[in-house]
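An overview of the molecular structure
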Amino acid sequence: MLLADKYRPKDFANLDYHKEQATNLKNLTKDGEFPHLLVYGPLGAGKKTRITCILRELFGPGVERLKMETMNFTTPSNKKLEIMTISSNYHIEVNPSDVGIYDRVVIMDIIKNVAQSQQLNVNAAREFKVVILTDVDNLTKDAQHALRRTMEKYIANCRIIMCATSISRVIPAISSRCLCIRVPAPEESVIVDILQSTCKKEDISLPPVLAKRIAQASNRNLRRALLICETCKVEQYPFSDDQKIPELDWEVFIKKMAGKILENQSIETLSNVRKDLYELLSNDIPAGVIFETLLRELLRKSDVSIRETVIKEAAEHEHRLVQGNKQIFHLESFVAKFMYVYQTFMQEMFGDF
Amino acid sequence: MEAYLKSGKLGESSSKSSGKSAAPKKPKSIHWVEKYRPKAVTEVVDQSDVVSVLEQCLTGADLPNLLFYGPPGTGKTSTILAAARQLFGDMYKNRILELNASDERGIQVIRDKVKSFAQLTASGVRPDGKPCPPFKIVILDEADSMTHAAQAALRRTMEKETKSTRFCLICNYVSRIIEPLTSRCTKFRFKPLNENLAYERLAYICEQENVLIDDNDKLLNLLVERSGGDMRKAITWLQSCAILSGHKQKIGLQHVQEVTGVVPAHWLEEFLKVCKESKEFSALDSFVKKLLYEAFAVSQILDQLNEKIINSDEFNDKQRTIIGEKLGDVSFHLQEGGTEYIQLIELGNSIMKAYSIV
């Protein structure tokens, strides 16, 4: 079992950070009153952990008896859809964006299903069920609109807990209906502490210097920190202070790509880069992430004077990328634009020689 | 429609049927937003135009087709539901058809369901002999998310059935409703709630619910101010504060800040400082990363930044224009789903540019 799963805290008392928030959340579950929740924060900050804690606090250990189920839906145009759900007697968890643009159907069906059946178990702690929707920021606008009134309508029988990385893509109409809970990423020092204590439990000795380096490499993402720690252990144990910390391969890949672009601006490079981009996309790296990493790499190595233009172009291309539906065009067009800007700049600089 | 009624009245009906044990528990789990929804048209706060029209209709005048538009949480849905309840009394269930974005309402539904509902005639008396208006109401909530085809299909239906049916369209943006429909309706704009009235309402709820608030005036005003005239938001926040602080505990400033998601001022100051002082990309890069790890809502950051820049003396008009324009762009890009990191970098870059102009 992975360390990250093995030592995931199961109730509020065991949480390592954001303790004050934990007491607040605990208060939330005590009263009969329980609002819809929208939990948001960066990757690996512990959103899911907090949600499971809330569920446990609400319904007791019964929520941990999970079963996987495939549910079937039919769209109005008679297309058959399948989606995986994880459910217990008290809750159901689903990621509607799995079905792409048909997410609205899933949301409507699931919530109506859950909401129309009352809690039959008399001994149940609560009279409502919980629907957990993950990745709400990837829902289509349509699906989000569908949620609005549904959330109010069925509030007697069901509560919705939503989980999102960034709240800016959630329409205000939804966030105004929920209690929004912000989960900031843990501080580096906290990650170091957690790494140390986890390793202690596993009987691994982790030198403080290495722990600090892992924490830095993790981008304040606790799950990633634990994974890195495990990978390091596989590569070399006992640890040494200056051990190599493995980088994510796609990051290395993008860095190399940025190097190519900076080195030579020509049609050949462009077609080379196209292959690389396809490779990344077909490996399911989100286009937004590719864009972000690429931009950071390019900016780091380019001059101040072109920075402004590059950033402006990036923002524009990125915007078009989410609007359009062929990601490769926009990525490639940005690369071409960057090459043009960079080359013009270089020629101006060294044109006199 | 029926489901709504179920949920709206669930408290009463189930406590009757399930006996004593559930009765004391039920009322607790009603959300304040639902509990304090206006029950009568006259209770609707601060929307005098529409209230006076509906009041006249209640006393017997004819009701035009309605189009309500305005920002969220200003009482559009509440108003029409309250009016319907008053107009039809117990028959309310049979006399309205409520369709919202969560229901299927493509062109097919408009053609079949709405049309057949509209064609039914309604009698002018209630079962108990009292008179009531001889029409039904079709409420199309969130009409701005209807397709244009579906809207177009409504046009003739709306006119043909005026005898027996009134339509009420509710939307946030009137510009998304096609012209032929708007010209068939009487338009009412719901304006954001007046701060004083919103404050009074919150204070009333606090009193009713026995909520204790530390430093009463200031915190309630903060809630009202941050809600920007959205009553639903303000009430949800108030309730969330009350729950977060625990039973019988006072609500403190930290609860209000947590719930409203206000970004602490020092972050904004640091943002400006980084833009002002650093000439290096890496400084901005690492600051934006750090800011994003805190997971603040970027729209909130933009809001507060906007306020700060407009009110501060540090910038001259030209600088403000540059930053303001970029704020608009960035906010638009984010709404459409842009990446927060890139957009914030872009914003920071413009602020740097603004600083370099003196």
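Right above here is the structure, for reference.
Quantities reported herein were computed from a predicted structural model and do not represent experimental measurements. (Residues numbered from 1 in each chain as written. Chains lettered and ligands numbered in written order. Predicted model: local features only at pLDDT ≥ 70, side-chain atom pairs only at ≥ 80, totals over all residues. Heavy atoms only, no water.)

1. Here's the deal with the overall build of chain A
Check the secondary structure of chain A and you find 14 helices and seven strands. Taken over the C-alpha atoms alone, chain A extends approximately 85 × 55 × 30 Å along its principal axes. The buried share of chain A, reckoned over its 353 residues, is 54%. Total accessible area computed for chain A in this model is approximately 16600 Å², and 50% of it derives from carbon and sulfur atoms. Where the 48 positive side-chain charges of chain A centre and where its 46 negative ones centre are 5 Å apart. (Helix = DSSP H or I, 4+ residues; strand = E, 2+ residues; numbered from the N terminus. Buried < 20%, exposed > 50% of the residue type's maximum accessible area, 1.4 Å probe, protein only. Areas by Shrake-Rupley, 256 points an atom, 1.4 Å probe, with all protein chains shown as cover. Lys, Arg positive; Asp, Glu negative; His and termini not counted. Charge placed at Lys NZ, Arg CZ, Asp CG, Glu CD.)

2. Thoughts on the pattern of salt bridges
Applying the stated criterion to the full structure yields 29 salt bridges over all chains. With its nearest N and O atoms 3.4 Å apart, the salt bridge here joins E292(A) to R296(A). Residue E292(A) and its partner R296(A) are both found in helix α12 (residues 287–300); the two are separated by four residues, about one turn of the helix. Accessibility expressed as a relative area gives 13% for R296(A), which makes it buried. A salt bridge links K276(B) to E314(B); the nearest nitrogen and oxygen atoms lie 3.4 Å apart. Here K276(B), found in helix α13 (residues 265–277), pairs with E314(B), found in the loop between α15 (298–311) and α16 (317–335); they are 38 residues apart in sequence, far enough to count as distant. On the basis of relative accessibility, which here comes to 43%, the residue E314(B) falls in the partly exposed class. (Salt bridge = Lys/Arg side-chain N within 4 Å of Asp/Glu carboxyl O.)

3. As for helix α3 (residues 48–58) of chain B
Residue and element names in this part refer to chain B. Every buried residue of α3 is accounted for by V50, V51, L54 and C57. Angularly, the buried residues of α3 cover 120 degrees about the axis, an arc narrow enough to put them on a single face. Across from the buried face of α3, at angles greater than 90 degrees, the exposed residues are S48, D49 and Q56. On its buried face, α3 sits against β1 (66–69), α4 (76–88) and β5 (186–189). One or two residues past the end of α3 sits G60, with phi positive at roughly 125 degrees. (Arc of directions from axis to C-beta. Contact = heavy atoms within 4.5 Å.)

4. Here we look at the sheet that holds strand β3 (residues 80–87) of chain A
Residues and elements named next belong to chain A. Pairing is mixed across the open sheet formed by seven strands, whose spatial order is β2-β3-β4-β5-β6-β1-β7. Strands with a single pairing partner mark the edges of an open sheet, and in this sheet they are β2 (67–74) and β7 (179–182). Ignoring which end each strand starts from, the neighbouring axes of this sheet average 25 degrees apart. Sheet topology places strand β4 (residues 91–94) next to strand β5 (residues 129–134); four bridges connect them, and they run parallel. Within the sheet, the bridge partner assigned to I92 lies in β5 and is V131. (Pairing = 2+ DSSP bridges. Axes fitted to C-alpha atoms, helices over the stretch in contact; angles between N-to-C directions.)

5. Regarding the interface of chain A and chain B
Contacts between the two partners involve 69 residues from chain A, matched on the other side by 70 residues from chain B. Taking both partners together, chain A and chain B bury about 6200 Å²; carbon and sulfur atoms supply 50% of that area. When the buried area of chain A at its contact with chain B is split by residue, E33(A), R149(A) and K153(A) rank highest and sum to 12% of it. At the surface where chain A touches chain B, the tally comes to six salt bridges. Summed over the shared surface of chain A and chain B, the result is twelve residue pairs in polar contact (both at pLDDT 80 or more). Mapped onto the side of chain A that touches chain B, the elements with two or more residues apiece are α2 (19–30), α4 (103–116), α5 (141–153), β7, α12 and α13 (304–323) of chain A. Among the elements that take part in the side of chain A that touches chain B, α13(A) stands out by supplying eleven residues, more than any other. The residue inventory of the side of chain A that touches chain B, partitioned by class, reads 28 nonpolar, 17 polar and 24 charged. (Buried area = accessible area lost by both parts, 1.4 Å probe. Polar contact = N/O pair within 3.5 Å; in protein donor to acceptor, adjacent residues only side chain to side chain. Nonpolar A, V, L, I, M, F, W, Y, C, P; charged D, E, K, R; others polar.)

6. Side note on the sheet that holds strand β3 (residues 136–140) of chain B
All names here are of chain B. Reading across the sheet, the five strands line up as β2-β3-β4-β1-β5 and stay open at both edges, with parallel pairing between neighbours. Only two strands of the sheet have a single partner each, and these edge strands are β2 (96–99) and β5. Going across the sheet, the axis of each strand differs from the next one's by a mean of 15 degrees, ignoring polarity. Pairing of β1 with β5 involves four bridges; the strand directions are parallel. Bridge pairing in β5 places L66 opposite T186.

7. As for unusual backbone geometry
In this model, D284(A) sits at a positive phi of 70 degrees, which is unusual for a non-glycine residue. As for its placement among the helices and strands, D284(A) is situated in the loop between α11 (267–282) and α12. Taking the relative accessible area as the measure of exposure, D284(A) reaches 68% and is therefore exposed. Its identity is not glycine, yet A295(B) carries a phi of approximately 60 degrees, on the positive side.

8. Re the pairing of β3(B)
All names here are of chain B. Taken across its five residues, β3 has five buried, putting it largely inside the fold. Side chains K136, V138 and L140 project from β3 onto one buried face, and the interleaved I137 and I139 project onto a second face that is buried too. As paired strands, β3 and strand β4 (residues 165–171) are joined by five bridges and run parallel to one another. Bridge pairing in β4 places V138 opposite F167.

9. Describing the nonpolar core
The biggest cluster of nonpolar side chains holds 68 residues, and the ones touching the most others in it are L294(A), L347(B) and I351(B). In contact with L347(B), other than residues within four places in its own chain, are F271(B), L302(B), L305(B), K326(B), L327(B) and V330(B). Counting residues in hydrophobic clusters, the runner-up holds 52 residues, among them A22(A), L37(A), L179(A) and V211(B). (Core = buried A, V, L, I, M, F, W, Y, C linked by side-chain atoms within 4.5 Å.)

10. Quick notes on a negative patch on the surface
A cluster of acidic residues, E195(B), E225(B), D303(B) and E307(B), forms a negative patch at the surface. Locating E195(B) in the fold gives a position in helix α9 (residues 195–209). (Patch = residues over 30% accessible without salt bridge, like charges linked within 9 Å, V, L, I, M, F, W, Y side chains within 5 Å.)

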